[in-house]
Amino acid sequence: MKRATAILISGRGSNMQSLVRACQDPDFPARIELVASNKADAPGLDWARDQGLPTLALTRSPGEGRADFDTRLDRALTDRGIDLVCLAGYMRLLTAGFTERWQGRLLNIHPSLLPSFPGLDAQAQAHRARVRVTGCTVHFVDSGLDSGPIIDQRALHLEPRESLESLSSRLLALEHALYPECLKQVAAQQVQLIDGRAIWR
Ligand code: GRF
């Protein structure tokens, strides 16, 4: 049985596209049931709509707190029978209540080899630090910032004097390969969150 999956975005949604494409394989163990964005004008939403996917723009109401917003988000997901959630450039911090409810079923992708360089502009952080190796990470989401149990990572070696633009684009290509692979393994329960760790079968 395919696992009903939602993707949450805030922007261009290139990782969302790679997940959607992977799910088009009849043997893939997940199907995309919803693409939701906290930004009504996210370019990724237009792309998803053009693909005929169900979309939702869930924007914060004036004065609405984070917990109330996340409760609405949670309801939108549960009402649609969503089982797994992939964050793909979703630029809002989720409340602990939300991450606890979705524990083990909530994934994120981050453009560094966590736990190095969490937070914003991870590619630039790595570039500035002049590391020789960086990469990307898919992890289960907990209430911390990019701190949840790591599912898998891909690494690359920086070229001498490589520009930030080149590094960012090579990292993005790695992300597009890694995220579908991780969703596949989680959906097929080849990797599960057990006692706060990602355990592979
Ligand atoms: C990606 O680099 C992802 O790792 C990070 O945000 C960026 C989103 O890019 N969390 P896109 O919207 O998927 O193109």
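Below or above, wherever it landed, is the structure these notes cover.

Conventions and cut-offs
Residues numbered from 1 in each chain as written. Predicted model: local features only at pLDDT ≥ 70, side-chain atom pairs only at ≥ 80, totals over all residues. Heavy atoms only, no water. Helix = DSSP H or I, 4+ residues; strand = E, 2+ residues; numbered from the N terminus. Rg over C-alpha atoms; globule rule 2.2 N^0.38 Å. Buried < 20%, exposed > 50% of the residue type's maximum accessible area, 1.4 Å probe, protein only. Contact = heavy atoms within 4.5 Å. Near = heavy atom within 4 Å. Polar contact = N/O pair within 3.5 Å; in protein donor to acceptor, adjacent residues only side chain to side chain. Areas by Shrake-Rupley, 256 points an atom, 1.4 Å probe, with all protein chains shown as cover. 1 Å grid on protein atoms, 1.4 Å probe; cavity = no way out; pocket = protein on both sides within 12 Å on 5 of 7 lines; lining within 4 Å. Sits in = over half its atoms within 2 Å of the grid points. Nonpolar A, V, L, I, M, F, W, Y, C, P; charged D, E, K, R; others polar. Points joined across faces, edges and corners; volume = space filled by probe spheres on them.

1. Examining the overall build of the chain
Helix and strand counts for the chain stand at six helices and nine strands. For 201 residues, the compact-globule estimate of 2.2 N^0.38 gives 17 Å, and the C-alpha radius of gyration of the chain, at 16 Å, lies within 12% of that figure. Seen along its three principal axes, the alpha-carbon backbone of the chain occupies a region of about 50 × 45 × 35 Å. For the chain, with 201 residues in total, the buried portion stands at 50%. Within the chain, residue pairs in contact and separated by at least 24 positions form 62% of the contacts whose partners lie at least 6 positions apart.

2. Looking at helix H5 (residues 122–129)
Buried residues of H5: Ala122, Gln123, Ala124, Gln125 and Ala126, and no others. Of the surrounding elements, those touching the buried residues of H5 are strand S5 (106–110), strand S6 (133–140) and helix H6 (164–187).

3. Examining the site of the ligand
Within the structure, the ligand sits among Arg12, Gly13, Ser14, Asn15, Gly89, Ile109, His110, Pro111, Gln123 and Glu175. Between Ser14 and the ligand, the recorded distance is 2.5 Å, taken from a side-chain N or O atom to an oxygen atom. Take Ile109: an N or O atom from its main chain is 3.0 Å from a nitrogen atom of the ligand. In isolation the ligand has 360 Å² of accessible area, and contact with the protein removes 86% of it. A molecule is said to occupy a pocket when more than half its atoms come within 2 Å of that pocket's grid points, and by this definition the ligand occupies the largest pocket. Listing elements by their share of the shell around the ligand, those giving two or more residues are helix H1 (14–23) and S5. Classifying every residue of the shell around the ligand gives two nonpolar, six polar and two charged.

4. What to know about the layout of surface pockets
Empty space within the largest pocket amounts to approximately 950 Å³. Lining the largest pocket are 38 residues; nearest its centre among them are Gly89, Tyr90, Met91, Asn108 and Ile109. Per-element tally for the lining of the largest pocket: the top contributor is H6, with four residues. By residue class, the composition of the lining of the largest pocket is 14 nonpolar, 17 polar and seven charged. Here the second largest pocket defines a volume of roughly 190 Å³. Residue lining of the second largest pocket: Ala126, His127, Arg130, Val131, Arg132, Leu158, Glu159, Pro160, Arg161 and Glu162, and that is the complete set. Looking at the lining of the second largest pocket, its residues break down into four nonpolar, one polar and five charged.

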